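Here are the chains, one letter per residue:
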Amino acid sequence: MIARRQLAIALAATLLLAPSLRSHAATAPTAPAAAQADAAPAAPPALYLGAAWYPEQWPESRWDTDLALMQQAHIRFVRVGEFAWSRLEPSEGHYDLDWLDRAIRAAQRHNIAVVIGTPSAAPPAWLTTEYPETLRIEEDGKRAQHGNRQQFDWSSPKYRELARAMAEQEARRFGHDPNVIGWQIDNEYANASYGPSTQAQFQNWLKARYGTLDNLNARWTTAYWSQTYNDWSQIPIETKPGNPGLLISWMRFVSDTWRSYQKNQLDVIRANADPRQFITTNMMGFFNGYNNDLVAQDLTMASWDDYVGTGQLNPVSNGAAHDLTRGFLRKNFWVMETQPGSVNWSPDNNPLNKGEVRAMAWHDIGHGADAVEYWQWRSALNGQEEYHGTLLGADGNPNPLYPEVAHIGADFAKAGPALAGTSVQSDVAILHNYDSYWAIDWQRHNKAFDPLATMIDWYGAVRALAHSVDIVSPSVPLSQYKLVVAPALNMITEAQARNLIDYVQNGGHLVLTQRSGMKNIDNGLYTQLQPGPLADLLGGHVAQFYALDTTIPVSGTWGTGPTKVWADMLTTTSPDTKVLMRYGKTPLGWLDDQPAAITRQVGKGRITYIGADLEGAPLAAAAKWMIADAGVQPEFGTLPPGVDLYIRKDATHEVWILINFGAAPQTVALPTAFTNVLTGTGGATVHTAALKQYDVVILQRPTSTPGGKP
Ligand code: GAL
């Protein structure tokens, strides 16, 4: 649990201090044909190295020098424009896109493609002065001011109109530009608004969802504390603490409103852009201010901004954030921003170690990223982020990290052909939904129960054995997985329960852990004790839950260890449900000799419920047991300490990426012969890989069964 707390603190630091959270109709002309035709696009690389470039902050006479330095480092794309609204529309309706066109052409001359960020995260001063109603209202009722960014109200119709008009100008001008490969909408969606007009929209949203107040009152049990509503206009915005039905509804409204905010720009880009141009937005890993999964559904590609902040890369928790992002659309994604060494917004802005930036880039690719972009190329000479890591110094010359990034670029160019078309294919899935995260976080019941840390504990335990794990919503088809683990899946809708039941009945192995299946779609209690709609299938349920202030021993099939923080006391209701673990005797008394983990075979499938908060050896033993029982057959038992393995494959071949994050050098004995993608010559094969700290070894071999094991 100590490790869990540290993780929680580290994640909180990363999330709460994420920079953007701190924070800091006229007819559009179409593109001049001559400008677009002056160079044929180069073949797109399989792996893109990129940089966030802000041409609007520099004299044009400097652009070529910057782009030449990028080209030398094998940088193949720049993302531009995401904060440039005041340069793109200097006054209302007067657009100036010529400079952006010239920047795109300049990049093209250096074989550097362009991703355009729409600038709606940074409205210009004229806009918020002319239309103050577009400024966000904070929870304390104060209106945000100009001077930072993200000061807009995501629910404001006027703001949407202006942001859409701006995006339309860009899409009409660059939607068919051969050097523009994609679009990023806005930048790091984050802040809701809490004013009266948003509240009215929320009330209308509730009306559409619940139909009648009688229905809403019943489903939220508003008879409790006399909360009964007799007019929609009485319903407040509540963040916490409050009625659980009201809280979950607000978060769903916030998520739907981000989705429609995004769609407002997405539709106008799609209508004017080539289908080859992707449309994404840069999300923030575990940031849970809205349902990222839902909002991602309208995009053609997911992407996220991967910042370590203080300390060094934690490959487990960082890997989980990659896998979460990959799970939204269940395909490869981009790392749209990452730190060139250090950030400027953490309590301690230490740099990553020498070699760690390269190791981290390959860790990203191993988890399914096809691009890694450094934020930023060179820091502006003034502005809120003067201290942030960059690739050039304030003097405009490469800094000490530049050669390491150029090394990554050279690697990407060399390994790109091997990785082209490959993806991560997992036998194991971890289930994650935002509803469960929020539901537990509002009512932790024991403050040490951190739903995210719980998920990552299980993720780490199964990933250490399976080497590849998907993180997906309980609503997606699951038949491709041999094992599905649902850590603290507190809220399960009836449709999701049906999906999980079908999965087990069709031969899958489902493992539920503490607090799963307690809440219905309205964040209310199921009348069947947890796991609620899955209790009949399990042939057992949680008879009582206990928040612990003491350690309880637990022992059985997975050895002996402590359980802290939380204990679900289980009971079996079916003769074929087996007890795997039991709690030991303590002064608490209630848990003495009671079941702590139970399992039931269902045809060829199995459902298991783990009520104890396992850690250490029993956690590892439980992971080993479920992987073996489900028939997952990883080629390694465990890797040497510090070494991580990532596998990407297609029907014909697979690529293994080995990275040593530990201080001690390690040698990995490979199960078969491989060719070394970065250093191999003449088809020579290897059977071992030696790795010093931060070394990366990339290996390739044929896949003998399509998409399966050799
Ligand atoms: C990101 C943001 C960038 C920059 C960066 C600094 O969250 O999208 O614009 O602020 O952080 O770490």
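If you're wondering where the values come from, they're calculated on a predicted model, not measured in any experiment.

### Section: the pairing of strand E17 (residues 566-572)
With five of its seven residues buried, E17 lies for the most part within the structure. Alignment of strand E14 (residues 540-547) against E17, held across seven bridges, turns out to be antiparallel. Pairing of His541 across the sheet is with Thr571, part of E17.

### What about the sheet that holds strand E20 (residues 605-610)?
Pairing in this open sheet of nine strands is mixed, and the strands run E11-E10-E12-E13-E20-E19-E18-E15-E16 from one edge to the other. Where the open sheet ends on each side, the last strands, each with one partner, are strand E11 (469-472) and strand E16 (559-563). Taking the axes of each pair of neighbouring strands and ignoring which way they run, one obtains an average angle of 20° across the sheet. Across four bridges, the pairing between strand E10 (residues 428-431) and E11 is parallel. Considered in E11, the bridge of Leu431 is made with Val472. Most of the contacts of helix H17 (residues 451-466) go to E10, to which it runs at about 175°, and overall it touches E10, E11, strand E12 (483-486), strand E13 (509-513) and E20. Here helix H18 (residues 494-505) sits on the sheet and contacts E10, E12, E13, strand E19 (595-602) and E20; the angle it forms with E13, its principal contact strand, is near 135°.

### Focus: unusual backbone geometry
The omega torsion across Lys240 and Pro241 is -15°, close enough to zero to call that bond cis. On the secondary structure map, Pro241 appears in the loop between helix H10 (213-219) and helix H11 (244-272). Located in the positive-phi region is Asn111, a residue other than glycine, with phi close to 60°. With respect to the helices and strands, the residue Asn111 is situated in the loop between helix H6 (98-109) and strand E3 (113-117). The backbone of Arg330 shows a phi angle near 50°, a positive value even though the residue is not glycine. Examined against the element boundaries, Arg330 turns out to sit in the loop between helix H13 (315-329) and strand E8 (333-338).

### Overview of the packing of aromatic side chains
Under the defined criterion, the tally for this structure stands at 36 aromatic pairs. Measuring from centroid to centroid gives 6.1 Å for Trp154 and Phe253, while their planes differ by 75°, and the two rings are edge-to-face. Note that Trp154 is positioned in the loop between helix H7 (125-130) and helix H8 (157-174) and Phe253 in helix H11, a separation of 99 residues in sequence. Aromatic pair Phe202 and Trp205: ring centres 6.2 Å apart, planes at 25°, arrangement stacked. Residue Phe202 and its partner Trp205 are both found in helix H9 (residues 196-210); the two are separated by three residues, about one turn of the helix. Trp205 matches Phe202 in its accessibility class, with the two residues each being buried. In this structure, Arg87 packs its charged tip against the face of Trp99, placed 5.0 Å from the ring centre.

### Here we look at the sheet that holds strand E25 (residues 696-702)
Taken together, five strands build an open sheet; the order of strands is E21-E22-E25-E23-E24 and the sheet is antiparallel. Both edges of this open sheet fall to strand E21 (643-649) and strand E24 (685-691), since each of them pairs with a single strand only. Within the sheet, the average angular offset between the axes of one strand and its neighbour, ignoring direction, is 25°. Across two bridges, the pairing between strand E23 (residues 666-676) and E25 is antiparallel. Looking at E25, one finds that Asn676 is bridged to Leu699. Packed onto the sheet, helix H15 (residues 402-419) meets E21, strand E22 (653-660) and E25 and runs at close to 140° relative to E22.

### Thoughts on the pattern of salt bridges
One pass over the structure, following the stated rule, counts 32 salt bridges. For the salt bridge of Arg444 with Asp441, the shortest nitrogen-to-oxygen distance reads 2.8 Å. Residue Asp441 is classed as partly exposed on the basis of its relative accessible area of 30%. A salt bridge links Lys564 to Glu615; the nearest nitrogen and oxygen atoms lie 3.5 Å apart. Note that Lys564 is positioned in the loop between E16 and E17 and Glu615 in the loop between E20 and helix H20 (616-629), a separation of 51 residues in sequence. Residues joined in a network through salt bridges with shared partners are Asp98, Asp101, Arg105, Arg173 and Asp177.

### A closer look at the nonpolar core
Of all hydrophobic cores here, the largest spans 164 residues; its most connected members are Ile235, Trp362, Trp377 and Met626. For this core, the element with the highest residue contribution is H11, accounting for 11 residues. Once residues lying within four places of it in the same chain are set aside, the contact partners of Ile235 are Gln199, Phe202, Gln203, Leu206, Leu213, Leu216, Trp220, Tyr229 and Leu246. Of all hydrophobic cores here, the second largest spans 26 residues; its members include Ala497, Leu537, Ile607 and Tyr609.

### Description of the packing of H13 against helix H14 (residues 356-366)
Where H13 contacts H14, the two axes come as close as 10 Å, and the packing angle between them is 40°. It follows from the interaxial angle that H13 and H14 lie oblique. Crossing handedness for the pair H13 and H14: right-handed. Each of Pro315, Asn318, Gly319 and His322 in H13 lies in contact with H14, whose residues at this interface are Met360, His363 and Asp364. Of the residues that constitute the contact of H13 with H14, the class distribution is two nonpolar, four polar and one charged.

### Quick notes on the pairing of E25
The buried fraction of E25 is high, at five of seven residues. Here E22 pairs with E25 via seven bridges, running antiparallel. Bridge pairing links Trp656 to Leu699 in E25.

### Some remarks on the domain arrangement of the protein
Taken domain by domain, the protein holds domain 1 (2-193 + 258-419), domain 2 (428-629) and domain 3 (643-702). Distance between the C-alpha centres of domain 2 and domain 3: 35 Å.

Thresholds applied
Residue positions within a chain follow its written sequence, with the count starting from 1. With the structure being a predicted model, the display of local features is reserved for residues of pLDDT at least 70 and the display and counting of side-chain atom pairs for 80 or more, all residues being used for whole-chain, interface and lining totals. Excluding hydrogens and water, the side-chain figures rest on all heavy atoms present in the structure. Each residue is placed in one exposure class: buried if its accessible area under a 1.4 Å probe, protein chains only, is under 20% of its type's maximum, exposed if it is over 50%, and partly exposed if it falls in between. Put simply, DSSP H or I for four residues or longer makes a helix, DSSP E for two residues or longer makes a strand, and each gets a number counted from the N terminus. Two strands are said to pair when DSSP picks up at least two bridges between them. Angles here are taken between N-to-C directions and fall from 0 to 180 degrees, while the axes themselves are lines fitted to C-alpha atoms, restricted in helices to the stretch in contact. Contact between two residues is taken to exist if any of their heavy atoms lie within 4.5 Å; hydrogens are not considered. Note on aromatic contacts: the rings of Phe and Tyr and the six-membered ring of Trp form a pair at centre separations within 6.5 Å, being stacked when their planes are under 30 degrees apart, edge-to-face when over 60 apart, and tilted otherwise. For a lysine, the NZ atom is tested; for an arginine, the CZ atom; a charge sits over a ring if that atom is within 6 Å of the ring centre and within 35 degrees of the ring normal. Any Lys or Arg side-chain nitrogen found within 4 Å of a carboxyl oxygen on Asp or Glu counts as a salt bridge. Put simply, a nonpolar core is a bunch of buried Ala, Val, Leu, Ile, Met, Phe, Trp, Tyr and Cys residues held in one set by side-chain atoms that sit within 4.5 Å of each other. The cut-offs work like this: below 35 degrees is roughly parallel, past 145 is roughly antiparallel, 65 to 115 is roughly perpendicular, and the gaps in between are oblique. Left-handed describes a crossing whose near helix is turned anticlockwise from the far helix through less than a right angle; right-handed describes the clockwise counterpart. All amino acids are sorted into three groups, where Ala, Val, Leu, Ile, Met, Phe, Trp, Tyr, Cys and Pro are nonpolar, Asp, Glu, Lys and Arg are charged, and the leftover types, Gly among them, are polar. Domain segmentation is taken from an automatic or database assignment of domains.

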